[in-house]
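# Chains, contacts and geometry: an overview
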Amino acid sequence: MNLHLVGQMVRLRYKLMWAKTRSRNGKIALFVVGYLLLVLIMILLSAGGLGAAVLAVKSGQAEKVAQAVLGALYVQALFGTVMLGFGMNAVFADVELRRYPLTGWERRLTRHFIGIVDPFWFLILALELGLAFGLCALGDFNPVQVLAAILLLFVSNYILARVISLMIERLASRKSGSALLMVAVMILAFLPGTLMPFLAKNKANMAALLRVLRWTPPFGAAAAMTHSGAPALAGLGLVAAWLLGLAAVLVYLETLPPRTQAVQTTTLKWDSPFDELGAFFGPQNGPLMAFWLRFYARNNRFRALYGLSLPLVSFLTFNFRYGFAKRSAPIDHIDPNGLFLAALGAIFTVSFFGTSRFAVNQYGYGGGAFRRFFLLPTDPAASMRAGSYASMLVGSSLIPVAMVLWLIFGGPFDARKVIMLLGSAITGLFALHAAGLWVTLYGPRKGSYTAAMGNDMSLMGNLVVIFGMLGALFTPQVLSKVLPAAVSPDNWWLIAFPAAAALAFYVISLRATGTLFSGKREELLAVVEGRVK
Amino acid sequence: MNPQADAIRVTNLAKKYGQTLAVENLSLNVRAGAMFGFLGPNGSGKSTTIGCLTGLLDPTAGQVEILGQPFTSESAGLKRRMGVMPETLGLFDPLYAHEFLAFVGRMFGLDEAVVRKRVGELLAALELTDSSKTLAEYSTGMRKRVAFAAAVIHSPEVLFLDEPFESIDPAGVALMKQWLRRFTEQGRTVFITSHVLETVERLCTEVAIVTKPGKLVWHGDITVLANDGAIQFDGKEFRALEPLFLHLTGERYTDLNWL
């Protein structure tokens, strides 16, 4: 094993990360990351792993608390990596590593070692170690066992995230895959909410579920940490078995040949729906629109995120239905107003999530192709406008579907609520795409068009996407407390104001960024061609 | 266009990137119908100059005239009469070759029937008939051919080609040269940058040589070389372009013992 060279590659990864901080964007990112780390350390100490450990020891139910904490962290790490793309940047592809004298296994080890030493995974490990430290410091638990269980669980979590990502990537690369993916995520998103009332009614069902969960890595790790002797060994064995099984699946998926290429053909297909749709935007914008529509339709990441949009919105609606209120209501009782408030926030992002990566970084995925827009006999900013229109066109196609879902699952029909939801969706459509125009100009970043996973947005892009989503979710909840009339169906017409403001923001942004576009092109070119980070 | 008039006129062109000077006070004229070679060592500002001449970059100072009219990055009317093959090719990777060429043709205002006819003909002539691959799946040489096709699809009057022959096989280069010669015979102008001096010598009628930072050091007619003649410069006689180029840009010999 050429550990020296593997170590050199890991060093190079951190050198590259450090190099990014030399740019202005990088310095801002470094500052924000530092700040977030500080906050997270505080959370870790107060309510994170350590706090959980105190609770576990004091309550005398160490195993149950460990199961809950480790299970939640395990699922949250998967959510953060698979949905938001944190901790999944490959840095080096296998092809790139082939340049160096490394064997196949060494290349695999290098790639995954580089992957797992990502700051995101460090945070997950820190939280888990907080629990481990707390258990060992306050309780009578074996530190070696606790540490071994945590480390095995941590590695299995990373490998599972990789396996899921690869599966999504392979699914998204097929036309029918996106639909399958959507169905799978829908089931996963609704399963807990559907199961909970069923489980709450019958304790026997809950016990049965717990018996099944005992075979999962977090429960195995919890057993290994809080028991001794045979149960601890069984727990460790269970996590190790999962780890080995997942590693085998990962190796299998990585060695699968890429999707079969299309059969060679010399027939040119002319009558494309993209061109027909583009033609509605006139002879100047039509070809640009058709280009952007193809750009989205052929992108695996878009297909995956577009497929995830509705499940995500549904999931958020369902899980935010209590708002800030304590979950004292019966678990199978859904407050129609709570559900409405949650939907009002969640639907704000439905038209944006699918294209968000591109809407905030329109040129980051085309590299040198950006030059082409300046060689065309048209206003270069027309390409940015067309890109934004195409993103809105594609994204807004989900609004009617979301509305139909509301009509089916949203309780008794109330036209005022429907109008308010529609208004919220339209507000999100314009406001987030307007923000996307600004980020395209002022926060570009070179990304990979072919990568289906990973978060390659700039800091500004992340702020718009993540805070846009969080802000949308919390705004109706906050308003319902401080200004209930603003979100009351009685005042349904009020939604016209944010919608109109968002439209105005979009129109102004379109014009302003169009004017600024030519002046920013050299900076943009340097970033998207990878000459400046 | 009057064949004697200048198709491209550059006056005191300068381009700075921050404090770095990329092109210094460059002035040159290219007559209509010329096959013009623009040469210089790596980093001498050739691509930056082409960027300024085609609207990709804004010059820091100086004027550019194309086909007798002042040219800026906003000159959409003039751009319609120009064809450009940029250094990085500027291809949209998710598209198929015919989709990309059709996109360019439509943007340059060609009728749909003309677009389809020319796309088919260009793809057949450049042997790019496999329509099952997107541009991302093409080899470097095939991508160059597509970029070349995109530069000529609208029959421009002035053609800018940045390193057009690199990575293309000899048959492809021969075909492109044949097209370019016919192109200039019709009074249209070709502006080429290349490091393949033999090709430039055989193809071009005029050459300009620049050194860092984009400073013109020689500009003249090289047709004399094709007739076994010689170029007189600095009291010396040059019978090929390469010795002249090396004389102007400086030969460098470094002895690496271990190599």
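### A few points about the overall build of chain A
Check the secondary structure of chain A and you find 23 helices and zero strands. Put simply, 78% of the contacts in chain A that link residues at least 6 apart link residues at least 24 apart.

### A short note on the overall build of chain B
When helices and strands are tallied, chain B shows nine helices and 12 strands. In summary, chain B has a C-alpha radius of gyration of 19 Å against a globular reference of 18 Å for 259 residues, a match within 12%. Expressed as lengths along the three principal axes of its C-alpha atoms, the size of chain B is roughly 55 × 50 × 40 Å. Taken over 259 residues, chain B has a buried fraction of 45%. Once local pairs closer than 6 in sequence are excluded, the contacts in chain B between residues at least 24 apart make up 68%.

### A look at the pairing of strand 10 (residues 215–221) of chain B
Looking at chain direction, strand 9 (residues 206–211) of chain B and strand 10 of chain B are connected through six bridges and run antiparallel. Considered in strand 10 of chain B, the bridge of B:Val210 is made with B:Leu216.

### Re the interface of chain B and chain A
Residue-level contacts link 30 residues of chain B with 28 residues of chain A. Listing elements by their share of the side of chain B that touches chain A, those giving two or more residues are helix 2 (76–79), helix 3 (97–107) and helix 4 (112–125) of chain B. Counting residues per element, the side of chain B that touches chain A draws most heavily on helix 3 of chain B, which supplies five residues. A class-by-class count of the residues in the side of chain B that touches chain A yields 13 nonpolar, 10 polar and seven charged.

### Observations regarding the domain arrangement of chain B
Residues and elements named next belong to chain B. Once the domains are mapped, chain B shows domain 1 (6–81 + 156–249) and domain 2 (94–154). In this structure, domain 1 and domain 2 have C-alpha centres spaced 25 Å apart. Residue-level contacts link 11 residues of domain 1 with 11 residues of domain 2. Elements with a minimum of two residues in the side of domain 1 that touches domain 2: strand 7 (158–162) and helix 6 (170–185). Per-element tally for the side of domain 1 that touches domain 2: the top contributor is helix 6, with three residues. By residue class, the composition of the side of domain 1 that touches domain 2 is seven nonpolar, two polar and two charged.

### Things to note about the sheet that holds strand 5 (residues 69–70) of chain B
All names here are of chain B. The strand order across the open sheet built from four strands is 2-1-4-5, with neighbouring strands paired in antiparallel fashion. The open sheet has two edge strands, strand 2 (20–31) and strand 5, and neither has a second partner. Sheet topology note: the strand 1 (residues 6–17)/strand 2 ladder contains eight bridges and is antiparallel. Within the sheet, the bridge partner assigned to lysine 15 lies in strand 2 and is valine 23.

### Brief notes about the packing of helix 19 (residues 381–396) of chain A against helix 21 (residues 415–442) of chain A
All names here are of chain A. At a closest axis distance of 11 Å, the pairing of helix 19 and helix 21 adopts a crossing angle of 145°. Crossing handedness for the pair helix 19 and helix 21: right-handed. Taking contact as the criterion, the partners of Met384, Ser388, Ser391, Met392, Gly395 and Ser396 in helix 19 are, on helix 21, Leu429, His433, Gly436, Leu437 and Thr440.

### What about the confidence of the model for chain B?
Taken as a whole, chain B shows an average pLDDT of 90; of its residues, 97% reach a score of 70 or greater. For this predicted complex, the interface score ipTM comes out at 0.89, alongside a pTM of 0.80.

### With respect to the nonpolar core
Membership of the largest hydrophobic core comes to 210 residues, with the highest contact counts inside it found for A:Ala149 and B:Phe100. Here this core gets 15 residues from one element, more than from any other, and that element is helix 8 (residues 143–172) of chain A. The residues contacting A:Ala149, other than those within four sequence positions of it, are A:Ala221, A:Ala224, A:Met225, A:Gly235, A:Leu236 and A:Val239.

### Topic: the sheet that holds strand 6 (residues 82–85) of chain B
All names here are of chain B. The strand order across the open sheet formed by six strands is 6-7-8-3-9-10, and the pairing between neighbours is mixed. Because the sheet does not close on itself, it has two edges, and the strands there are strand 6 and strand 10. This sheet shows a mean twist of 15° between the axes of neighbouring strands, independent of strand direction. Lying over the sheet, helix 6 contacts strand 3 (35–39), strand 7 and strand 8 (189–193), oriented at roughly 140° with respect to strand 8. Across the sheet, helix 9 (residues 241–249) lies against strand 3, strand 9 and strand 10, angled at about 30° from strand 9, the strand it touches most.

### Overview of the environment of B:Ala125
Residues and elements named next belong to chain B. Relative to the helices and strands, alanine 125 resides in helix 4. A residue is classified by how many C-beta atoms lie within 10 Å of it, and alanine 125, with 13 of them, is partly exposed. Once the C-alpha coordinates of alanine 125 and glutamate 24 are considered, the two residues, 101 residues apart in sequence, prove to be 40 Å apart.

### Looking at helix 5 (residues 140–152) of chain B
Residue pairs three or four apart in sequence face the same way in an α-helix, which turns once every 3.6 residues. Residues and elements named next belong to chain B. With 13 residues, helix 5 extends 19 Å between its outermost C-alpha atoms, agreeing within 8% with the 18 Å of an ideal straight helix rising 1.5 Å per residue. Burial within helix 5 is extensive, with 10 of its 13 residues counted as buried. By the burial criterion, the buried members of helix 5 are Met142, Arg143, Lys144, Arg145, Val146, Ala147, Phe148, Ala149, Ala150 and Ala151.

### Quick word on helix 14 (residues 282–297) of chain A
Over its 16 residues, helix 14 of chain A extends 21 Å from the first C-alpha to the last, a length consistent with the 22 Å expected when each residue adds 1.5 Å. Across the 16 residues of helix 14 of chain A, 12 count as buried, placing the element largely inside the fold. Among all positions of helix 14 of chain A, only A:Asn285, A:Gly286, A:Pro287, A:Leu288, A:Met289, A:Ala290, A:Phe291, A:Trp292, A:Leu293, A:Arg294, A:Phe295 and A:Tyr296 are buried. Lining the buried residues of helix 14 of chain A we find helix 13 (273–279), helix 15 (300–319), helix 17 (356–359) and helix 19 of chain A together with helix 3 of chain B.

### With respect to the packing of helix 20 (residues 398–409) of chain A against helix 21 of chain A
Residues and elements named next belong to chain A. Helix 21 packs onto helix 20 with a crossing angle of 150° between their chain directions and a minimal axis gap of 11 Å. What the angle tells us is that helix 20 and helix 21 run roughly antiparallel. In the packing of helix 20 onto helix 21, the handedness of the crossing is right-handed. Contact with helix 20, carried on its side by Ile399, Ala402, Met403 and Trp406, involves Val418, Leu421, Leu422 and Ala425 of helix 21 and no other residues of that element. Residue composition of the contact of helix 20 with helix 21, by class: eight nonpolar, no polar and no charged.

### Brief notes about the confidence of the model for chain A
In this model, chain A carries a mean pLDDT of 82, and residues with pLDDT of at least 70 account for 84%. Averaged pLDDT values over the elements of chain A bottom out at 59 in helix 2 (residues 24–46) of chain A and peak at 96 in helix 21 of chain A.

Conventions and cut-offs
Residues numbered from 1 in each chain as written. Chains lettered and ligands numbered in written order. Predicted model: local features only at pLDDT ≥ 70, side-chain atom pairs only at ≥ 80, totals over all residues. Helix = DSSP H or I, 4+ residues; strand = E, 2+ residues; numbered from the N terminus. Contact = placed C-beta atoms within 7 Å. Rg over C-alpha atoms; globule rule 2.2 N^0.38 Å. Buried ≥ 20, exposed ≤ 12 C-beta atoms within 10 Å, placed from the backbone. Pairing = 2+ DSSP bridges. Nonpolar A, V, L, I, M, F, W, Y, C, P; charged D, E, K, R; others polar. Domains from an automatic or database assignment. Axes fitted to C-alpha atoms, helices over the stretch in contact; angles between N-to-C directions. Left-handed = near helix turned anticlockwise from the far one by under 90°. pLDDT = per-residue confidence, 0-100. Core = buried A, V, L, I, M, F, W, Y, C linked by C-beta atoms within 7 Å. Expected span 1.5 Å × (residues − 1). Parallel < 35°, antiparallel > 145°, perpendicular 65-115°, else oblique.

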